[in-house]
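Here is what each chain is made of, one letter per residue.
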Amino acid sequence: MNDTPLIQVRGLTKEHGAGASWVRAVDDLDVDVPEGQTLAVMGPSGCGKSTLLHLLGGLERPTDGEVWIAGRRTDILSERALAHLRRRSIGFVFQAFHLVDELTAAENVELPALLAGRSPRAARRRAESLLDRVGLADRARHLPSELSGDQRAR
Ligand SMILES: Nc1ncnc2c1ncn2[C@@H]1O[C@H](COP(=O)(O)OP(=O)(O)O)[C@@H](O)[C@H]1O
Ligand SMILES: [Mg+2]
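Our subject in this report is the structure included herewith. The structure displayed is predicted, hence computed values, not measured ones.

### Some thoughts on the sheet that holds strand β1 (residues 7–16)
Turning to step 1, where the next piece is worked out: A sheet is described by the order of its strands in space; here 4 strands give the open sequence β2-β1-β3-β4, paired in antiparallel fashion. Edge positions in the sheet fall to β2 (23–33) and β4 (72–73), since each of these pairs with one other strand and no more.
Turning to step 2, where the next piece is worked out: As paired strands, β1 and strand β3 (residues 64–69) are joined by 5 bridges and run antiparallel to one another. Paired with isoleucine 7 across the bridge in β3 is isoleucine 69.
Turning to step 3, where the next piece is worked out: Each of β1, β2 and β3 touches helix α1 (residues 49–56); the most contacted strand, β1, lies at about 125 degrees to it.

Here it is, written out as structure tokens:
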């Protein structure tokens, strides 16, 4: 085990909008998340939970402060380096799912592996094993529209 926390956040601040719609969604946050820890971010609607997750996952850039993932500062990476980090190291279960409607469950799971350069066969095998792990082996050839909300999230 490494002593460096997996996620380190220092003085993290994110402001949205301008004028009357200006809002500080994340306000000078410091937090360390050790490897292996499960963290729940709780609070009322609009308090900044999604903004925080977007900042940690490299989907948005902070107004101020720093994000470190596995000892590497990420908020100042180039768009290209951020895309690589998201593809290789970060997984999101979005509220709105963001599945590709025309692709089956298996193809949706295969897609990031193909983008990361895995062979089609390796991607297919990995997708089958992951779907099996979450109890969806028998839904692999279903389209997202043929899955329940909970199945789409899985
Ligand atoms: N892209 C944006 N532009 C302007 N305001 C935003 C944007 N995203 C979020 N906000 C505002 O920031 C605040 C926090 O939003 P959000 O992080 O989505 O909250 P939560 O996920 O906790 O419900 C809210 O007041 C929301 O209206
Ligand atoms: Mg939210």
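### As for the pattern of salt bridges
Turning to step 1, where the next piece is worked out: If you walk through the whole model with that rule in mind, you get 10 salt bridges.
Turning to step 2, where the next piece is worked out: Its salt-bridge partner being lysine 14, residue glutamate 60 comes within 3.9 Å of it at the nearest N-O pair. Within this pair, whereas glutamate 60 is found in the loop between α1 and β3, its partner lysine 14 is found in strand β1, the two being separated by 46 residues in sequence.
Turning to step 3, where the next piece is worked out: Here glutamate 60 falls in the partly exposed class, since its relative accessible area comes to 22%.
Turning to step 4, where the next piece is worked out: In this structure, arginine 61 and glutamate 79 form a salt bridge, with 2.9 Å as the shortest nitrogen-oxygen distance. Residue arginine 61 is found in the loop between α1 and β3, and its partner glutamate 79 is found in helix α2 (residues 79–89); the two are separated by 18 residues along the sequence.
Turning to step 5, where the next piece is worked out: In this structure arginine 61 comes out as partly exposed when scored by relative accessible area, which is 31%.
Turning to step 6, where the next piece is worked out: Beyond isolated ion pairs, a larger network of salt bridges with shared partners links Glu15, Arg24 and Asp27.

### Examining the site of ligand 1
Turning to step 1, where the next piece is worked out: The full set of residues close to ligand 1 is His16, Val23, Ala25, Pro44, Ser45, Gly46, Cys47, Gly48, Lys49, Ser50 and Thr51.
Turning to step 2, where the next piece is worked out: A distance of 3.0 Å is found between an oxygen atom of ligand 1 and a backbone nitrogen or oxygen belonging to glycine 48.
Turning to step 3, where the next piece is worked out: A distance of 2.8 Å separates an oxygen atom of ligand 1 from a polar backbone atom of lysine 49.
Turning to step 4, where the next piece is worked out: For ligand 1, the accessible surface in isolation is 560 Å², of which the surrounding protein chains cover 57%.
Turning to step 5, where the next piece is worked out: Elements with a minimum of two residues in the shell around ligand 1: β2 and α1.
Turning to step 6, where the next piece is worked out: The element contributing the most residues to the shell around ligand 1 is α1, with 3 residues.
Turning to step 7, where the next piece is worked out: Looking at side-chain class alone, the shell around ligand 1 contains 4 nonpolar, 6 polar and 1 charged residues.

Parameters at a glance
Residues numbered from 1 in each chain as written. Chains lettered and ligands numbered in written order. Predicted model: local features only at pLDDT ≥ 70, side-chain atom pairs only at ≥ 80, totals over all residues. Heavy atoms only, no water. Pairing = 2+ DSSP bridges. Helix = DSSP H or I, 4+ residues; strand = E, 2+ residues; numbered from the N terminus. Contact = heavy atoms within 4.5 Å. Axes fitted to C-alpha atoms, helices over the stretch in contact; angles between N-to-C directions. Salt bridge = Lys/Arg side-chain N within 4 Å of Asp/Glu carboxyl O. Buried < 20%, exposed > 50% of the residue type's maximum accessible area, 1.4 Å probe, protein only. Near = heavy atom within 4 Å. Polar contact = N/O pair within 3.5 Å; in protein donor to acceptor, adjacent residues only side chain to side chain. Areas by Shrake-Rupley, 256 points an atom, 1.4 Å probe, with all protein chains shown as cover. Nonpolar A, V, L, I, M, F, W, Y, C, P; charged D, E, K, R; others polar.

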